[in-house]
Amino acid sequence: QVQLVESGGGLVQAGGSLRLSCAASGRAFNFYAMGWFRQAPGKEREFVATISGSGANTGYADSVRGRFTISRDNAKNTVYLQMNSLKPEDTAVYYCAATSSTSIPATAAHRYTYWGQGTQVTVSS
């Protein structure tokens, strides 16, 4: 069992930055690949970024590549999402997720077993 708790969301002006954190409980945090997803009102949940258990491999959605950075600190059981140059279209509830599966692409939400409750990010124009 893994429990995930996100924090760091808020209201920011376009062009600003936020850093989201996701704290995980449970053992063997480095066994799990982690992902960030987001869901805007009236839209489906979409992939944002993913990172392997060791942190050596990362992946990003085209819409955030170059602006967002995913990282993790396995000693603190925490994964981060640094978001720079934010745009109004980044407004959404952001969720972190954990998976031990390697058989399904990391961009697929159904690969992830454990989910946090989400944190709201609002970017004003």
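So, a few notes on the structure that sits alongside this text. Remember, predicted model here, so these are calculated numbers, not experimental data. (Residues numbered from 1 in each chain as written. Predicted model: local features only at pLDDT ≥ 70, side-chain atom pairs only at ≥ 80, totals over all residues. Heavy atoms only, no water.)

Now for the nonpolar core. The biggest cluster of nonpolar side chains holds 36 residues, and the ones touching the most others in it are Leu-4, Met-34, Trp-36, Leu-81, Met-83 and Tyr-94. For this core, the elements supplying multiple residues, two or more each, are β3 (18-24), β4 (33-39), β5 (46-51), β7 (68-73), β8 (78-83), β9 (92-99) and β11 (119-124). In terms of residue count, β9 provides more of this core than any other element does, five residues in total. Setting aside its immediate chain neighbours within four residues, Met-34 contacts Leu-4, Cys-22, Phe-29, Ala-49, Thr-50, Ile-51, Ile-70, Arg-72, Val-79, Ala-97, Ala-98 and Tyr-112. (Core = buried A, V, L, I, M, F, W, Y, C linked by side-chain atoms within 4.5 Å. Buried < 20%, exposed > 50% of the residue type's maximum accessible area, 1.4 Å probe, protein only. Helix = DSSP H or I, 4+ residues; strand = E, 2+ residues; numbered from the N terminus. Contact = heavy atoms within 4.5 Å.)

Right, let's talk about the pairing of β5 for a bit. In regular strands, side chains alternate between the two faces of the sheet. Counting buried positions along β5 yields five of six residues, so the element is predominantly enclosed. Two elements, β4 and β5, share five bridges in a ladder whose sense is antiparallel. Note on β5: the bridge partner recorded for Trp-36 is Ala-49. The turn joining β4 and β5, which pair antiparallel and follow one another in sequence, is formed by six residues; a positive phi near 75 degrees is taken by Gly-42. In this sheet, strand β6 (residues 58-60) lies alongside β5 in antiparallel orientation, the contact comprising three bridges. Counted as the bridge partner of Ile-51 is Thr-58 from β6. (Pairing = 2+ DSSP bridges.)

This part is about the sheet that holds β3. Pairing is antiparallel across the open sheet formed by four strands, whose spatial order is β1-β3-β8-β7. The open sheet has two edge strands with one neighbour each: β1 (4-7) and β7. With strand direction ignored, the average angle separating the axes of adjacent strands in the sheet is 15 degrees. As defined by bridge partners, β7 adjoins β8 across six bridges and the pair is classed as antiparallel. Within β8, the residue paired with Asp-73 across the bridge is Thr-78. (Axes fitted to C-alpha atoms, helices over the stretch in contact; angles between N-to-C directions.)

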